[in-house]
Amino acid sequence: MIDVKLLREDPELFLNSCRARGYGSDLVESFFELDKKWREITSILNRTKHDKNVLSLEISKAVKEKKDPLALKEQVRVLNAKIDEMEREVTSIESERDQKLRLIPNIIDPEVRTCKGDDNNPFVKFNGNASVFHDDIREFMSRTENKGVYTEIDYRPLSHVDLQANLDLVDLERAGKISGARFYFIKNRLFKLELALMNYAVDFLSQRGFSVVEPPLMLNYDSMARATDIETFKESLYKIEGEDLYLIATSEHPIAAMLRDEILEQKELPLRVCGVSPCFRKEAGAHGKDTKGIFRVHNFNKVEQFIFCEPEYSKDFHNELLANTEEIYQSLGLSYRVIDFCSAELSVLNARKFDIEVWFPSQGKFREVASASNNTDYQSRSLNIRYRSKDGNKFVHTLNNTALATTRTLVAIMENFQDRSGKRITVPDVLVPYTGFDTIEK
RNA sequence: GCGGGGAUGGCCCAGUGGUACGGCGGCAGCCUGCUAAGCUGUUUCUCUAUGAGAGCGAGGGUUCGAAUCCCUCUCCCCGCGCCA
């Protein structure tokens, strides 16, 4: 949620942010219309309540002095009827107003470029040495602003779907039979590789000052609504029938909600939390995309980074979160590019967002594996997470970034580290201590 | 699931129908000077702000008036039951 006071003081700030996102100004305008009405009625209501309180005190005195309070009581009854009516009106206007308020998006970081469309997200950097099939070189170089480094290959590597069939690593048919599309059984060495990835990422973050939590996998409506935005609710979340519970789409949400309504000490900050959990997503808006294999699925495991910090430092921590994930992917030997999101592609919560996209030689594309968001004080204001400072209690800034999502990283490893026969996958060196094997083959 | 106990400001705690007591901590100031202490003020949210309103886990109800009485719910603690 945005800061109402700031909105009243400087509407232009929010109008600009709305425009850059392609929103139009109706939201802000209808907020002000309702807010004006709300203030007017609230003011009369409070005056009436004051009158009532005064009368009530008089009754109290009258009773003590053994005078008859009947006439005074009647006056209060009349006021009560008015108060009831006004209160109903205020409540209804207030809820309408707050509904608008909750939809007004976060203020965009001034460094974000005003543009639209995923293809226009500004390129930030490339790292690695990608295997690129010669037909894809042009695409590869254009996506890296000619800064990409590659080794040309004269064949197209197998997709993970074919590889896993060759090596008996995933059973999609039976998962489809019992659960439906986008479900899977992960089998054998691929499962051990998944465990290795999670362990590796957790160890990595532990060494960088993160505490580790496995969160609740369900949140109630209130916590979820305050930790996320309406789009996530609509597009992603599974609800438990007959219960006030939703399956989490990422551990970002329970970690953010964990500290709701709390006041932290300044010396506790920054608070670095690593969350490890399955993530459940409906993928309702993704019909027809990535329908084969385990690239886009209804549940996967993820190691997430989350930071609560003082406002002054959130940009630094945003970079720290990005650097952590980059280092993980570098150490795995995967080539990636970083993009900086266009204003119109940011989520309502985001002030700024970077994505890390790994090169998949079998698809000839960079694909998203991690997403680093700075939500500034938008999430913390909804969740009411503050810290004590010299100038009073202030909202913390919250940031998050994927450290490692297992299914996509497994696909990346399979597609990048297969040999030419398509019957053997090399395990990245850093994972071998965790897996106990260095190849996956038939 | 059953029975009992609980939830009051950042924290602790008092409060059996008349408008929330006191302490601790934090902040500001004063006084002072020896590992410090003392004194005063302040401490949540909202508003059209010398003033008002709201706020005692949440939501209803009774009443002129509810932290207090009644109903429903949530969470925590103790015991019993069930259980990987």
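Cut-offs applied
Residues numbered from 1 in each chain as written. Chains lettered and ligands numbered in written order. Predicted model: local features only at pLDDT ≥ 70, side-chain atom pairs only at ≥ 80, totals over all residues. Helix = DSSP H or I, 4+ residues; strand = E, 2+ residues; numbered from the N terminus. Buried ≥ 20, exposed ≤ 12 C-beta atoms within 10 Å, placed from the backbone. Contact = placed C-beta atoms within 7 Å. Pairing = 2+ DSSP bridges. Axes fitted to C-alpha atoms, helices over the stretch in contact; angles between N-to-C directions. Arc of directions from axis to C-beta. Near = placed C-beta within 6 Å. Nonpolar A, V, L, I, M, F, W, Y, C, P; charged D, E, K, R; others polar. Domains from an automatic or database assignment. Expected span 1.5 Å × (residues − 1).

A. A look at the overall build of chain A. A count of helical and extended segments in chain A gives 15 helices and 19 strands. Across the 442 residues in chain A, those meeting the buried criterion constitute 40%. Put simply, 71% of the contacts in chain A that link residues at least 6 apart link residues at least 24 apart.

B. Structural context of the sheet that holds strand β15 (residues 386-389). Strand order in the open sheet formed by three strands is β9-β15-β16, and the pairing between neighbours is mixed. The sheet terminates laterally at β9 (263-265) and β16 (392-395), the two strands that pair on one side only. Averaged over all pairs of adjacent strands, the angle between their axes in this sheet comes to 40 degrees, without regard to strand direction.

C. Summary view of helix α2 (residues 11-20). Turning to α2, its buried residues are F14, S17 and A20. Seen from one end, α2 has its buried residues packed into an arc of 125 degrees, which puts them on one side. Backbone geometry just downstream of α2 places G22 in the positive-phi region, at approximately 80 degrees.

D. Looking closely at the environment of E111. Structurally, E111 is set in the loop between α4 (70-103) and β1 (123-127). Sequence separation between E111 and V90 is 21 residues; the distance between their C-alpha atoms is 40 Å.

E. Fine view of the sheet that holds strand β13 (residues 352-360). If you walk across this open sheet you meet the eight strands as β1-β12-β13-β14-β17-β11-β10-β6, and the pairing is mixed. This sheet does not close on itself; its edge strands, each paired only once, are β1 and β6 (211-213). Across this sheet, the average inter-strand angle for adjacent strands is 25 degrees, counted without regard to direction. Both β13 and strand β14 (residues 365-374) contribute to a ladder of nine bridges, which runs antiparallel. What sits directly across from K353, in β14, is S373. Across the face of the sheet, helix α8 (residues 188-206) comes into contact with β6, β10 (271-280), β11 (299-309) and β17 (397-405) while running at roughly 5 degrees to β11. Packed on one face of the sheet, helix α14 (residues 406-416) meets β11, β13, β14 and β17 and runs near 40 degrees to β17.

F. Local environment of the protein's contact with RNA strand B. Around RNA strand B lies a shell of 21 residues, among which E40, H50, S56, S60 and V76 are the nearest. Mapped by element, the contributors of at least two residues to the surface near RNA strand B are α3 (26-64), α4 and β16. Sort the elements by how many residues they give to the surface near RNA strand B and α3 lands first, with 12 residues. The class makeup of the residues in the surface near RNA strand B is six nonpolar, nine polar and six charged.

G. Quick look at the domain arrangement of chain A. Assigned domains within chain A: domain 1 (4-103) and domain 2 (118-441). For domain 1 versus domain 2, the distance between C-alpha centres works out to 44 Å.

H. Representation of helix α12 (residues 314-332) within the structure. For α12, with 19 residues, the first-to-last C-alpha span of 27 Å sits near the 27 Å given by 1.5 Å per residue. Turning to α12, its buried residues number three or more, namely S314, F317, H318, E320, L321, L322, N324, T325, I328, Y329 and L332. Looking at the buried side of α12, the elements it contacts are α8, β11, β12 (336-340), β13, β14 and β17. Downstream of α12 by a residue or two, G333 has a phi angle that is positive, lying close to 85 degrees.

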